[in-house]
Amino acid sequence: MGYSVRRWDGDTLVVESAGFNERSWLDFGGHPHTETLHITERFRRRDFGHIELHETFEDQKIYARPWTVSIDVDAVTDTEMLEYVCNENEKDHQHLVGKASDDKKNAAKVDIRVLARYVAAYEFRAPEDPSFITIVNVTLAGDELLMDIGGKDKQAMIPLSETTFTLFGNRVDFVQNDRGAVTHLIFHAVEGDMKAVRKEDAPTAK
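Residues numbered from 1 in each chain as written. Predicted model: local features only at pLDDT ≥ 70, side-chain atom pairs only at ≥ 80, totals over all residues. Heavy atoms only, no water.

Visitor: Whenever I open this one, the pairing of strand β1 (residues 3–9) confuses me. Can you help?
Guide: The two faces of the sheet receive side chains in turn, since in a regular strand these alternate between them. Burial within β1 is sparse, with just 0 of its 7 residues counted as buried. Hairpin connection between β1 and strand β2 (residues 12–18): a loop of 2 residues separates the two successive antiparallel strands, and G10 in this loop has a positive phi of roughly 65°. (Buried < 20%, exposed > 50% of the residue type's maximum accessible area, 1.4 Å probe, protein only. Helix = DSSP H or I, 4+ residues; strand = E, 2+ residues; numbered from the N terminus. Pairing = 2+ DSSP bridges.)

Visitor: Explanation requested: the pattern of salt bridges in the structure shown.
Guide: Two side chains that carry opposite charge are able to pair once their charged atoms sit near each other. As enumerated under the stated definition, the model contains 11 salt bridges in all. Here K61 and E35 are joined by a salt bridge, their closest N and O atoms 2.5 Å apart. Taken together, the residues K61 in the loop between β4 (50–58) and β5 (67–74) and E35 in the loop between β2 and β3 (38–47) connect sequence positions 26 residues apart. You can call K61 exposed: its relative accessible area is 54%. Note on E35: relative accessible area 39%, which makes it partly exposed. In this structure, the salt-bridge partner of D178 is R179, at a minimum N-O distance of 3.9 Å. Take D178 and R179: they sit in the same class, and that class is exposed. (Salt bridge = Lys/Arg side-chain N within 4 Å of Asp/Glu carboxyl O.)

Visitor: I'm lost on the environment of A189 in this one. Help?
Guide: Within the secondary structure layout, A189 lies in strand β12 (residues 182–189). Measuring from C-alpha to C-alpha, the distance between A189 and V172 comes to 9.1 Å, with 17 residues separating the pair along the chain. The contact partners of A189, leaving out residues within four places of it in the chain, are N170 and M194. (Contact = heavy atoms within 4.5 Å.)

Visitor: Help me out: how do you make sense of the environment of K154 in this one?
Guide: Mapped onto the elements, K154 comes out in strand β9 (residues 152–159). Put simply, K154 and N137 are 17 residues apart on the chain and 8.8 Å apart in space, counted from C-alpha to C-alpha. Other than its neighbours up to four places away in sequence, K154 contacts T139, L146, M147 and D148.

Visitor: Would you explain the confidence of the model for the protein in this entry?
Guide: The predicted coordinates ought not to be read in detail in places where the model reports low pLDDT. Averaged over every residue, the pLDDT of the protein is 84; residues scoring 70 or more account for 83%. Ranking the elements of the protein by mean pLDDT puts helix α1 (residues 100–105) last with 60 and β2 first with 97. (pLDDT = per-residue confidence, 0-100.)

Visitor: Please explain the sheet that holds β4 as it appears in this structure.
Guide: Across the sheet, which stays open at both edges, the 5 strands sit in the order β1-β2-β3-β4-β5 with antiparallel pairing between neighbours. Each edge of the open sheet carries a strand with a single partner, namely β1 and β5. The mean angle between the axes of side-by-side strands here comes to 20°, regardless of whether they run parallel or antiparallel. As paired strands, β3 and β4 are joined by 9 bridges and run antiparallel to one another. (Axes fitted to C-alpha atoms, helices over the stretch in contact; angles between N-to-C directions.)

The following block contains the structure:
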């Protein structure tokens, strides 16, 4: 998405990206951008295992001023970097192993009363900025559990067990307390685990 150039500024790697179209979102909350979006990312390795990342977003057509988000990133040195697969101008599908229908073939049968316990709104707070909240909704249609982010684009959750599901090719686990009440869910992604707290159990924003 977009075109990027990079340069060194002392011990900081600076990546500037432009040439976007308006078809993607800036975040899971659905905040838009235009083709004039310009992103500057500054990567600085703080120590052996940690990287400081500062991302600055600028889009003069719809936002009054630029803003910067700071993120602490773990450096994982002994691994392979995975490419994000985008549908636009897609050329990777023929090389991918497995597909969503494979999960459906292996889907577990889960009682609808168990599925109904997961129906709720869940709050995801960005680790780098706890004041930024995204609402994840889990709903039930017939005997199928669905998830949407911020009320947009419901997707089916395929059960692998009573507590584990797949969504977008990633694993989602529902977590219960010692009384059997569902307290939160964990979305496992390449970037790391993301926790979303059931709304009635979520802390009040300050």
